[in-house]
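Structure assessment
So the chains spell out like this:
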Amino acid sequence: MGNEALEAALEELVRQLRETEEFRNYRDRFEDIKNDRDALDCVSHIRELNMRVQEMSEDEYERESENIASRMEELCNDPRVGDFILAEVDFSKLFQYITEKLVGTLDEE
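Predicted model, so just to flag it, every value in this text is computed and none were measured.

Quick notes on the overall build of the protein chain
Secondary structure assignment for the protein chain yields 5 helices and 0 strands. Reading the secondary structure of the protein chain in the N-to-C direction produces α-α-α-α-α. Relative to the 2.2 N^0.38 estimate, which gives 13 Å for 109 residues, the radius of gyration of the protein chain is 18 Å and therefore markedly larger than a compact globule would have. The dimensions of the protein chain, computed from C-alpha atoms along their principal axes, are 50 × 35 × 25 Å. Total accessible area on the protein chain is roughly 8500 Å²; 49% of this is exposed by carbon and sulfur atoms. Put simply, the protein chain has 14 plus and 31 minus side-chain charges, and the middle of one group is 5 Å from the middle of the other.

Rendered as structure tokens:
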């Protein structure tokens, strides 16, 4: 974007992110499954299911909760898949924290 200071700050942020426990765990859990097509398919299905759940009304969720729980348990049958999903959630929370911090700081001005 032409702003050298911003580019330098972003590079430092990425460097710092790579040193976090959340990133290291996410990377390690991905290494555990990256060459396993079945595990990667399960991860994809879990993501799709999570998106579907987010779009449901409370009533829909109440009606479907047992089916959702059963499907999730089936998809996480491989413990590596469950471990990866949890690591991905933790890594996503880190990004959410960074975003909230940035927005909060910018809103203060």
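Once you've had a look at it, read on.
Some details on a nonpolar patch on the surface
A cluster of nonpolar side chains, namely L6, L10 and L13, defines an oily patch on the protein surface of about 220 Å² accessible area. Its place among the elements puts L6 in helix α1 (residues 4-18).

Here we look at a negative patch on the surface
Among the surface-exposed residues, E58, D59, E60 and E62 lie close enough to one another that they form a single negatively charged patch. Following the sequence through the fold, E62 ends up in helix α4 (residues 58-75).

Let's talk about the environment of L86
By secondary structure assignment, the location of L86 is in helix α5 (residues 79-108). In sequence terms L86 and D32 are 54 residues apart; their C-alpha atoms lie 13 Å from each other.

Overview of the environment of E73
Residue placement: E73 occurs in helix α4. A relative accessible area of 63% means that E73 is categorised as exposed. Here the alpha-carbon distance between E73 and V14, two residues 59 residues apart in the chain, equals 34 Å.

Regarding the packing of aromatic side chains
Taken as a whole, this structure holds 5 aromatic pairs when the rule is applied. Aromatic side chains F23 and F91 sit 5.7 Å apart centroid to centroid with 55° between the ring planes, which places their arrangement in the tilted category. Of this pair, F23 sits in helix α2 (residues 21-33) while F91 is found in helix α5, placing the two residues 68 residues apart along the sequence. Judged by relative accessible area, which is 18%, F23 ranks as buried.

Considerations on the nonpolar core
Counting residues in each nonpolar core, the largest one holds 9 residues, listed as I33, A39, L40, V43, I46, L75, V81, F84 and I85. Among the elements of the structure, α3 (37-55) and α5 are those that each provide at least two residues to this core. Among the elements that line this core, the one with the most residues is α3, at 4 residues. Discounting residues that sit within four places of it in the chain, F84 has contacts with Y26, R29, F30, I33, V43 and R47. Ranked by size, the runner-up nonpolar core spans 5 residues in total, among them F23, F91, L94 and I98.

About the criteria used
- Residues numbered from 1 in each chain as written.
- Predicted model: local features only at pLDDT ≥ 70, side-chain atom pairs only at ≥ 80, totals over all residues.
- Heavy atoms only, no water.
- Helix = DSSP H or I, 4+ residues; strand = E, 2+ residues; numbered from the N terminus.
- Rg over C-alpha atoms; globule rule 2.2 N^0.38 Å.
- Areas by Shrake-Rupley, 256 points an atom, 1.4 Å probe, with all protein chains shown as cover.
- Lys, Arg positive; Asp, Glu negative; His and termini not counted.
- Charge placed at Lys NZ, Arg CZ, Asp CG, Glu CD.
- Patch = residues over 30% accessible without salt bridge, like charges linked within 9 Å, V, L, I, M, F, W, Y side chains within 5 Å.
- Salt bridge = Lys/Arg side-chain N within 4 Å of Asp/Glu carboxyl O.
- Buried < 20%, exposed > 50% of the residue type's maximum accessible area, 1.4 Å probe, protein only.
- Phe/Tyr/Trp six-rings, centres within 6.5 Å; stacked < 30°, edge-to-face > 60°.
- Core = buried A, V, L, I, M, F, W, Y, C linked by side-chain atoms within 4.5 Å.
- Contact = heavy atoms within 4.5 Å.

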